[in-house]
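# Summary of structural features
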Amino acid sequence: MNDQSQSHDANDAERPAPRPFPNSDYIRPGIDDRPDLDKALSDEDKAAVARLAVRQKPKTPPAAAGQPEVQAAAMGANAPVGGADEPVPDLESAFLDMRDPMVDANGYRPTKGEVLRMKVGFMGAAFFLAFALAALNITLVPQELDALSGPIGGAVALSRVLGVGILCSLVATVFFLPLSDHTRTPFGRRAPWFAAGTIVAVVFAFSLSACHTPAAVGVVWALLQIGLAAMLCALHASIGERVPDKFRDAVGTWRTVGLLVGLVFGIWFGVLMASDPAVGMDLCAIALLAAGIVGLLVIPRESSTVYSRAKPMKTADLLVTLRVTHPTAAWRTICLTRLFASAGVMLAIAYIWFVVRYRRGADAGLDVRATMTMVALMGLLACAMALLSEGVTDLLRASLDNDRLVLMVGVALAIVAAVVPLVSYTPVGLYVFAGIGGFAIHMIDDALQSLAVASVPQIDRAAEYLAVFNTSATVGRLLGVVVGGFVFAYAAVFSSVFLWAAIMFAFAGASGAAAIAYAAKR
């Protein structure tokens, strides 16, 4: 009896203290006497429970094309200095409900160090991308095609190369955005596409220096654009998804600075590589590699998406960036204005190498070094005037609160800038064109972005409308190189390209006036 009493006392000592109701010692079976599973189960038992447990699927992450902030990032990439000041409407913003604006879309709150890494990472990636693309587009590739095919043949070949590249980039973007939405890996949704795009872009950027025919340059350039499309899609989506609402403006500002500085440095880098463009192309490939390394290693790692639910991909997912249902007449004219304005900008900028070098005629080209220097000075002047236009546009908007007037003033200045080289095809005329053109192009772009945001017919579908708005700019660039190819194939004087640039800006002005008229009727 004594042994049994001692055993009974020991069991009572091991039993957890009950949590009785007031004035009651009743122990609820299976509730108050439930053991602590962390202590009761062995490590093997815990592993078995984890293996057999049913994982609750979280909600489906939003598609990139359906996020307004992703489209805002894409708009900022094409702007001379920065995006529009007017905020993009986002009904999912944390500032419109009770969510914390200091956390990202997944509910993670980044530390101050991680926010700084985002700023530095996105700025660094933007810098290296702008550096490489500015050097290749404005100086190195035109110089290579000029050396391979001569003045007229080189300009026509440049049209083919740029046109095929723009078309490949457009098609790749249509597919890469929904495909990345459905990617499920331990490294996240966007990071694998950014890494793969970096590898493709670097490989074919290195291959550019080994091309000795215009056809080879065109094929390699098209494949390079596919890699760049994957990089840019992932980069834009990462800004929209991983940066909390509170820090999005600051990250966007850092990224804009990186774009501008990279553009200026890239143009001047082309001057230094005038005597050896092949080495310059290889160094641009290294810059693209640096952009990929910065984007993957500096920015905090993307969270895993292995357990994220994914909806089946539909045909409609591929058409988000190409069309919207039931667009208004005002919205159509806004997109048409953006299309013609982008075509005019492409005509004015893409062929600047040939315009400057063969100012005296196809048989009296300037020295390569002199051409490079003049192109670089024009680029520097255009960027400086675009910065000035940023301040002037802000003042006009603050005093008049009329983006339509800003747009029409910008179109008028762009037409004047394009006409000046037709009247005075001299270095002074070209410098005047660069200065006024840089000022006007930024004014047009800024006003168009604000008008587009204000003209979205359905706020809850703002991302779809802005995606089509961005696509209209890409189609406009394609139209510009097509027109430029015909101009250089059949025109006797290279300055004729400015006439067609002025015509495109005039079409943009007419479309803008129609958009204003439709808005007034509403």
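Thresholds, definitions, all that
- Think of each chain on its own: its residues are numbered from 1, step by step along the sequence as written.
- With pLDDT at 70 or above as the cut-off, local features in this predicted model cover only qualifying residues; side-chain atom pairs require 80 or more to be listed or tallied, and sums for whole chains, interfaces and linings still use all residues.
- As a rule here, side-chain values come from all non-hydrogen atoms in the structure, and water together with hydrogens is ignored.
- Helix numbers and strand numbers start at the N terminus; a helix is a DSSP run of H or I with at least 4 residues, a strand a run of E with at least 2.
- When accessible area is computed with a 1.4 Å probe and restricted to protein chains, residues below 20% of their type maximum are described as buried, those above 50% as exposed, and intermediate ones as partly exposed.
- We call two residues in contact when some of their heavy atoms are within 4.5 Å.
- Shrake-Rupley sampling with a 1.4 Å probe provides the accessible areas, and residues are treated as covered by the protein chains on show and by no other component.
- Residues enter patches when they are more than 30% accessible in relative terms and free of salt bridges; like-charged ones are connected within 9 Å and nonpolar ones (Val, Leu, Ile, Met, Phe, Trp, Tyr) within 5 Å.
- Counted as salt bridges are all cases of a side-chain nitrogen of Lys or Arg within 4 Å of a carboxyl oxygen of Asp or Glu.
- In this analysis, the expected span of each helix is defined as 1.5 Å times one less than the number of residues it contains.
- Of all possible arcs, the one meant is that of the directions from the helix axis to the C-beta atoms.
- Any Phe, Tyr or Trp ring, taking Trp's six-membered ring, that has another such ring centre within 6.5 Å forms a pair; planes under 30 degrees apart are called stacked, those over 60 apart edge-to-face, and the others tilted.
- Throughout this description, the term nonpolar core refers to a set of buried Ala, Val, Leu, Ile, Met, Phe, Trp, Tyr and Cys residues connected via side-chain atoms within 4.5 Å.
- Each domain span listed reflects an automatic or database assignment of domains.
- Orientation is described by axes fitted as lines to C-alpha atoms, over the contacting stretch for helices, and by angles from 0 to 180 degrees between their N-to-C directions.
- Orientation is classified from the angle alone, with under 35 degrees giving roughly parallel, over 145 giving roughly antiparallel, 65 to 115 giving roughly perpendicular, and any other angle giving oblique.
- Crossing handedness: left-handed means the near helix sits turned counterclockwise from the far one by under a right angle, and right-handed means the same turn made clockwise.
- Each residue receives one of three labels: charged for Asp, Glu, Lys and Arg, nonpolar for Ala, Val, Leu, Ile, Met, Phe, Trp, Tyr, Cys and Pro, and polar for the others, Gly being one of them.
- For every residue, the predictor reports its confidence as pLDDT, a number between 0 and 100.
- In summary, the charge assignment counts Lys and Arg as positive and Asp and Glu as negative, without counting His or the chain termini.

Going by the annotation in an unreviewed UniProt entry, the name recorded for the protein is Na+/sugar symporter, with Bifidobacterium choerinum given as the source organism.

### Things to note about the overall build of the protein
Helix and strand content of the protein: 17 helices and zero strands. In the protein, which comprises 522 residues, the proportion classed as buried is 49%. When contacts within the protein are restricted to residue pairs at least 6 apart in sequence, those whose partners lie at least 24 apart make up 82%. Surface accessibility of the protein: about 24400 Å² in total, with carbon and sulfur atoms responsible for 65%.

### Observations concerning a nonpolar patch on the surface
Residues Leu-167, Val-171, Phe-175, Leu-179 and Met-313 make up a contiguous nonpolar surface patch of roughly 400 Å² in combined accessible area. When you line up the elements, Leu-179 lands in helix H5 (residues 112–181). Classification of Leu-179 by relative accessible area gives partly exposed; the value is 31%.

### Some details on helix H6 (residues 191–208)
Taking 1.5 Å of rise per residue, the 18 residues of H6 would be expected to cover 26 Å, and the 26 Å separating its terminal C-alpha atoms lies within 8% of that figure. Taken together, the buried positions of H6 are Ala-191, Trp-193, Phe-194, Gly-197, Thr-198, Ala-201, Val-202, Ala-205 and Leu-208. Buried residues of H6 fall within an arc of 160° about the axis and therefore sit on the same side. The elements touched by buried residues of H6 are H5, helix H7 (214–242) and helix H9 (277–298).

### Some words on the pattern of salt bridges
Under the counting rule described, the total for this entry stands at six salt bridges. As a salt-bridge pair, Asp-181 and Arg-189 come within 3.9 Å of each other at their nearest N and O atoms. Looking at Asp-181, the relative accessible area reads 8%, which means it is buried. Here Glu-241 makes a salt bridge to Arg-190, at a shortest N to O gap of 2.5 Å. Placement of the pair is Glu-241 in helix H7 and Arg-190 in the loop between H5 and H6, with a sequence separation of 51 residues. In this structure, a network of salt bridges that share partners links the residues Asp-181, Arg-189, Arg-190 and Glu-241.

### Points about the side chain of Ser-495
With respect to the secondary-structure elements, Ser-495 resides in the loop between helix H16 (462–490) and helix H17 (496–521). Residues in contact with Ser-495, not counting those within four places in the same chain, are Leu-422 and Tyr-425.

### Details of the packing of aromatic side chains
Per the stated rule, a full pass over the model turns up 13 aromatic pairs. Aromatic side chains Phe-340 and Phe-507 sit 5.3 Å apart centroid to centroid with 55° between the ring planes, which places their arrangement in the tilted category. Placement of Phe-340 in helix H11 (residues 329–349) and of Phe-507 in helix H17 is noted, with a sequence separation of 167 residues between them. According to the relative accessible area criterion, Phe-507 is partly exposed, its value standing at 41%. Clustering of aromatic rings is evident, with ring pairs tying together Phe-127, Phe-128, Phe-131, Phe-265 and Phe-269.

### Brief notes about the environment of Gly-438
Mapped onto the elements of the fold, Gly-438 is located in helix H15 (residues 427–454). For Gly-438, a relative accessible area of 11% gives the class buried. For the pair formed by Gly-438 and Val-345, sequence separation is 93 residues and the distance between their alpha carbons is 9.7 Å. The contacts of Gly-438, once residues within four sequence positions are left out, are Ala-382, Met-385, Ala-386 and Phe-433.

### Here we look at the nonpolar core
Nonpolar side chains in soluble globular proteins tend to be buried together. If you look at the biggest cluster of nonpolar residues, it comprises 130 residues, and the most contacted ones within it are Leu-136, Leu-224, Leu-288 and Trp-331. Residue contributions to this core peak at 24 residues, all from H5. Shared between two domains, this core takes at least three residues from each, and those domains are domain 1 (111–305) and domain 2 (314–521).

### Some remarks on the packing of helix H14 (residues 403–423) against H15
Where H14 contacts H15, the two axes come as close as 8 Å, and the packing angle between them is 155°. For the element pair H14 / H15, the angle class is roughly antiparallel. Crossing of H14 over H15 shows left-handed handedness. Across the contact of H14 with H15, the residue classes tally to 21 nonpolar, four polar and two charged.

### Some remarks on the confidence of the model for the protein
Per-chain confidence: the protein averages 84 in pLDDT, with 87% of residues scoring 70 or above. No element of the protein has a lower mean pLDDT than helix H1 (residues 2–14), which averages 52, and none a higher one than H6, which averages 94.

### So, the side chain of Arg-359
Looking at where Arg-359 falls in the secondary structure, it is placed in the loop between helix H12 (352–357) and helix H13 (368–400). Buried and unpaired, Arg-359 has no salt bridge, with Asp-367 as the nearest side chain of opposite charge at 12 Å. If we skip the residues at most four places from it in the chain, Arg-359 touches Leu-366, Tyr-425, Thr-426, Pro-427 and Leu-430.

### Here we look at the environment of Leu-466
Position of Leu-466 among the secondary structure elements: in helix H16. Taking C-alpha positions, Leu-466 is 9.2 Å from Gln-449, a pair spaced 17 residues apart along the chain.

### Let's talk about the packing of H11 against H16
Where H11 meets H16, the closest approach of the two axes is 7 Å, and the angle between their N-to-C directions is 40°. Our classification of the angle between H11 and H16 gives oblique. The interaxial crossing formed by H11 with H16 has right-handed handedness. Taken together, the residues that form the contact of H11 with H16 break down as 17 nonpolar, five polar and two charged.

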